[in-house]
Amino acid sequence: MFTEEIEELKERLKIKKNELKRVERRFIQLQNKIETVEIKIEKLKELTDIENLNIEKSDKKIKKCKAIEIVNREKNKKFKSRDIIFSNKNKTTGEWWLEPTPKKFEKTLNLLLNDRKLNKLYLFEIPKEKYFFPNEIFKYRKDKDLYSIKIDGNDINEFRDELGSGMCFREYLKDIIDY
């Protein structure tokens, strides 16, 4: 009689061990899934951490691609590099220099200016109807086949071109993005 009970207990123990092994395997699978999700969460945090977007800490000069990334994320835009003319404010003169090609004036002119001191990006959208004849508004450089635009960074009320006709960009300011 004890022998039968012992055999029955052994069989139950074997079944419980198998169940335990299944539970352990499932536990390991869930742990792996959790680790994968945690890694994805960390990557998303890195991608959405605007303060650490590889900005050069010494002078806040940022690259065009990073500036566009900030604008796209913060303002739900879908700009590409070819859509925007970008300039960092010159550290010593405090001016923004832009040199768009004549082709840029065939559609809306998007300017993106980085102010290093204020940690701001200024986004301008100038409809092409405002410059049917860019030669009459902006300084043209035959040697480079470019237009030159110089905006005084100390006058962020007007954003006036100092080289051409003195066009004021203020009315075309669409967004100011802090970073």
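Residues numbered from 1 in each chain as written. Predicted model: local features only at pLDDT ≥ 70, side-chain atom pairs only at ≥ 80, totals over all residues. Heavy atoms only, no water.

Its identity is not glycine, yet Asn76 carries a phi of approximately 55°, on the positive side. On the secondary structure map, Asn76 appears in the loop between helix H2 (64-75) and strand E1 (85-88). Under the relative-accessibility criterion, Asn76 is labelled exposed at 68%. Although it is not a glycine, Asn119 sits at a positive phi angle of roughly 55°. By the secondary structure assignment, Asn119 is in the loop between strand E3 (109-115) and strand E4 (120-126). (Helix = DSSP H or I, 4+ residues; strand = E, 2+ residues; numbered from the N terminus. Buried < 20%, exposed > 50% of the residue type's maximum accessible area, 1.4 Å probe, protein only.)

Across the sheet, three strands lie side by side as E2-E6-E5; this open sheet has antiparallel pairing. Only two strands of the sheet have a single neighbouring strand rather than two, namely strand E2 (95-98) and strand E5 (139-141). Within this sheet the neighbouring strands show an average axis-to-axis angle of 30°, counted without direction. Relative to strand E6 (residues 146-152), E2 is paired through four bridges, and the arrangement is antiparallel. Considered in E6, the bridge of Trp97 is made with Lys150. (Pairing = 2+ DSSP bridges. Axes fitted to C-alpha atoms, helices over the stretch in contact; angles between N-to-C directions.)

A separate point is the pattern of salt bridges. On inspection of all chains with the given rule, the structure shows 15 salt bridges. Here Arg12 ties to Glu8 by a salt bridge, and the two come within 3.1 Å at their closest N and O atoms. Of the two residues, Arg12 and Glu8 both sit in helix H1 (residues 2-48), four residues apart, roughly one turn of that helix. With a closest N to O distance of 3.0 Å, Glu158 and Arg160 form a salt bridge. For Arg160, a relative accessible area of 34% gives the class partly exposed. What emerges from the salt-bridge pattern is a single network uniting Glu99, Arg141, Asp143 and Lys144. (Salt bridge = Lys/Arg side-chain N within 4 Å of Asp/Glu carboxyl O.)

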